[in-house]
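Overview (structure and organization)
Read off the chains here:
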Amino acid sequence: MMTAAGSVIFEERKSQIHRKGEKPFDMNCNRESLAGAVSQRACVFCGSRVVLYPIADALHLVHGPIGCAAYTWDIRGALSSGPALHRMSFSTDLQERDIIFGGEEKLYRALIELIDRHRPRAAFVYSTCIVGIIGDDLEAVCRRVSAEKDGIPVLPVQSEGFKGNKREGYSAACKAMFRLVGTGGTEGISPLSVNILGDFNLAGELWIVREYLARIGVETVANITGDGRVEDIMRAHGAALNLVQCSGATMELAQMMKESYGVPFLRVSYFGVEDMAQALYDVAAFFKDRDREIVGRTRALVKDELLKLYPALQEFKKDLCGKKAAIYVGGAFKAFSLVKAFRLLGMKVVLVGSQTGTDQDYRELHEITDRGTIIVDDSNPLELSSFLKEKECDVFVGGVKERPIAYKLGVGFCDHNHERKQPLEGFVGMLNFAKEIHSSVMSPVWRFVPRRKARN
Ligand code: SF4
């Protein structure tokens, strides 16, 4: 249907879209995607792979047809400081014959061969749609291989694509990782220590955050999962605190660690000036009884970084003030930080949405956005295109599936997903973000877009 504002919205999707200020906040989310609407959302298998795949010294084997594995190979920007087994894409490449007679034997042979060849610290075996349909017993095959290969952890990931939405995949990944936690020794860990959860080390971002933490005197035990190591995850229960960034992806693991090992957690974000500083202040506040100097050290770090950053941001702001931005990302945590980051650049966010936000996430977004902003859950290309046109956006922030929508409409684009090759976290990341938004929004090429030419 066509709304009064001129946007195209399917009747069944109306309850998942809210325009701030039109009526009291009330929107549906975390539902099955509408059949036929070509959701931007990824499948369960994709959700689990996003979380686990950056564990760099593990073997990642996709049990299914080759098509499911196509997106894994070297597209993503998750960097490793050591082993790079995660950049290899392995699949059992199930064929018609395997589907008729079962794929367990093929999986067993693939695992044995790959473990012999690559000597990984652990193996994750991802279930895809077809495996769920033919009923291969992943758990049994993994147990058999583990027993034959000196007890190396071989972990089934129950991520059949059809069994829910991307959030189910996050849950399957957390369950698989939790089987590793608690199996390693915790000796020598500092009382001022954290695990970093929900960061994927895109373009080396996690190293920026680790460096800030080290400067305020905090040890990082395990990176979960960017630049991840199996042994670190095995001893992660020895850390004093979990820092959860992508809460959609790793909150379940944090909760399981709290219940089983008493490790508390804090929700943080490393995107944008405000949130990065707040994350460090929250960590300092948590440890201040164990180290009275930590708050002072943290203030000094933030001041130091801001003194370097602010003059440069003011320059970009001169051109960007009043421009309009749209945000559509995987998880809502990133959307909060992006709204604040755009505000810092003097820009207005007119559309914000995510694939996997919860009721609480959207309520928070409603709180921090301006009147008239469209808030949307689990969108599709048709809706996004019409919102971008209706709001006359200058830039769209999204991922690989959103890029063509922006370019086809002649709108600037900023990649804020797992494919990006430039760090956007931390104070230095905010500067990169401002530079990228500035060069995209101010590019003279947009003057030649037919839609804009007609307007001018
Ligand atoms: S939906 Fe199923 S078939 Fe498609 S990529 Fe996901 S697991 Fe593979």
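The following refers to the structure shown. (Residues numbered from 1 in each chain as written. Predicted model: local features only at pLDDT ≥ 70, side-chain atom pairs only at ≥ 80, totals over all residues. Heavy atoms only, no water.)

Notes on the site of the ligand
- In the region of the ligand, the neighbouring residues are Cys43, Phe45, Cys68, Thr128, Cys129 and Gly161.
- Grouping the amino acids of the shell around the ligand by side-chain chemistry returns four nonpolar, two polar and no charged. (Near = heavy atom within 4 Å. Nonpolar A, V, L, I, M, F, W, Y, C, P; charged D, E, K, R; others polar.)

Some words on the sheet that holds strand β9 (residues 265-267)
- The four strands lie next to each other as β7-β6-β8-β9, forming an open sheet whose pairing is parallel. Edge strands, defined here as strands with exactly one partner in the open sheet, are β7 (219-225) and β9. Across the sheet, the mean angle separating the axes of adjacent strands is 20° when strand polarity is ignored.
- In terms of strand pairing, strand β6 (residues 193-199) meets β7 through five bridges, oriented parallel. In the sheet register, Ile196 faces β7, and the bridge partner there is Asn223.
- Together, β6, β7 and β8 (241-244) form the strand contacts of helix α8 (residues 205-215), whose direction differs from that of β6 by roughly 155°. (Pairing = 2+ DSSP bridges. Helix = DSSP H or I, 4+ residues; strand = E, 2+ residues; numbered from the N terminus. Axes fitted to C-alpha atoms, helices over the stretch in contact; angles between N-to-C directions. Contact = heavy atoms within 4.5 Å.)

Focus on helix α13 (residues 332-344)
- End to end, α13 covers 19 Å across 13 residues, agreeing with the expected 18 Å (1.5 Å per residue, within 8%).
- Summarising burial for α13: ten of the 13 residues are buried, a large majority.
- Those residues of α13 not exposed but buried are Ala332, Phe333, Lys334, Ala335, Phe336, Ser337, Leu338, Val339, Ala341 and Phe342. (Expected span 1.5 Å × (residues − 1). Buried < 20%, exposed > 50% of the residue type's maximum accessible area, 1.4 Å probe, protein only.)

Re the sheet that holds strand β14 (residues 412-415)
- Read across the open sheet, the six strands follow the order β1-β12-β11-β10-β13-β14; overall the sheet is mixed. Of all strands in the sheet, those with a lone pairing partner are β1 (17-19) and β14, marking the two edges. Mean inter-strand twist for the sheet, computed between neighbouring axes without regard to direction, equals 15°.
- Where strand β11 (residues 348-354) meets strand β12 (residues 374-377), four bridges bridge the pair, whose relative direction is parallel. Residue Leu351 lies in a different strand from β12, and its bridge partner there is Ile374.
- In the packing of helix α14 (residues 359-368) onto the sheet, contacts are made with β1, β11 and β12, and the angle to β12 comes to roughly 170°.

Here's the deal with the packing of aromatic side chains
- Inspection of every chain in the model, using the stated rule, returns nine aromatic pairs.
- Aromatic side chains Phe286 and Phe287 sit 5.0 Å apart centroid to centroid with 90° between the ring planes, which places their arrangement in the edge-to-face category.
- Phe287 gets classed as buried once you look at its relative accessible area, which sits at 0%.
- Arranged with centres 6.4 Å apart and planes meeting at 25°, the rings of Tyr407 and Trp446 form a pair that is stacked. Remark: Trp446 occurs in the loop between α17 (426-441) and α18 (450-455) and Tyr407 occurs in helix α16 (residues 403-409); sequence separation between them is 39 residues.
- Connected via pairs of aromatic rings, a cluster forms that spans Phe396, Tyr407, Phe413 and Trp446.
- When the ring centre of Tyr108 is taken as reference, the NZ or CZ atom of Arg144 above it lies at 3.6 Å. (Phe/Tyr/Trp six-rings, centres within 6.5 Å; stacked < 30°, edge-to-face > 60°. Lys NZ or Arg CZ within 6 Å of the ring centre and 35° of its normal.)

Digging into unusual backbone geometry
- With an omega of 15°, the peptide bond between Ile224 and Thr225 qualifies as cis.
- Tracing the backbone shows Thr225 in strand β7.
- Positive phi is not limited to glycine here, since Ala203 has a value of about 55°.
- Ala203 sits in the buried class, given a relative accessible area of 17%.

So, the pairing of β14
- Residues Gly412 and Cys414 line one face of β14 and the alternating positions Phe413 and Asp415 line the opposite face, and both faces are buried.
- For strand β13 (residues 395-398) and β14, the ladder comprises four bridges, and the chain directions are parallel. Bridge assignment links Val395 to a residue of β14, and that residue is Gly412.
- Each parallel crossover has a hand, and the one from β13 via α16 to β14 is right-handed. (Right-handed = clockwise from strand over helix to strand, strands pointing away.)

As for the environment of Phe387
- Relative to the helices and strands, Phe387 resides in helix α15 (residues 381-391).
- Here Phe387 falls in the buried class, since its relative accessible area comes to 0%.
- Placed 379 residues apart in sequence, Phe387 and Val8 show a C-alpha to C-alpha distance of 8.2 Å.
- In this structure Phe387 touches Ser7, Ile9, Ile17, Arg19, Leu351, Ile374 and Val376, once residues within four positions along its chain are discounted.

Let's talk about the nonpolar core
- The biggest cluster of nonpolar side chains holds 101 residues, and the ones touching the most others in it are Phe124, Leu213, Phe342, Phe427, Phe433 and Ile437.
- Here Phe342 is in contact with Ala325, Ile327, Met347, Val349, Val395, Val397, Phe433 and Ile437, once residues within four sequence places are set aside. (Core = buried A, V, L, I, M, F, W, Y, C linked by side-chain atoms within 4.5 Å.)

A look at the pairing of β11
- Along β11, six of the seven residues are buried, which leaves the element largely enclosed by surrounding structure.
- Where strand β10 (residues 324-329) and β11 come together, six bridges link them in parallel fashion. What sits directly across from Ala325, in β11, is Val349.
- Once you follow β11 into α14 and on to β12, the crossover reads as right-handed.

Brief notes about the pattern of salt bridges
- Per the counting criterion, the structure on display carries 26 salt bridges.
- Across the pair Glu160 and Lys163 runs a salt bridge, and its minimum N-O distance is 3.2 Å.
- Take Glu160: its relative accessible area is 10%, and that puts it in the buried class.
- Its salt-bridge partner being Arg363, residue Asp359 comes within 3.2 Å of it at the nearest N-O pair. One end of the pair is Asp359 and the other is Arg363, both in helix α14 and four residues apart, which spans about a single turn.
- Among the ionic contacts, a cluster of salt bridges with common partners joins Glu211, Arg215, Asp304, Glu305 and Lys308. (Salt bridge = Lys/Arg side-chain N within 4 Å of Asp/Glu carboxyl O.)

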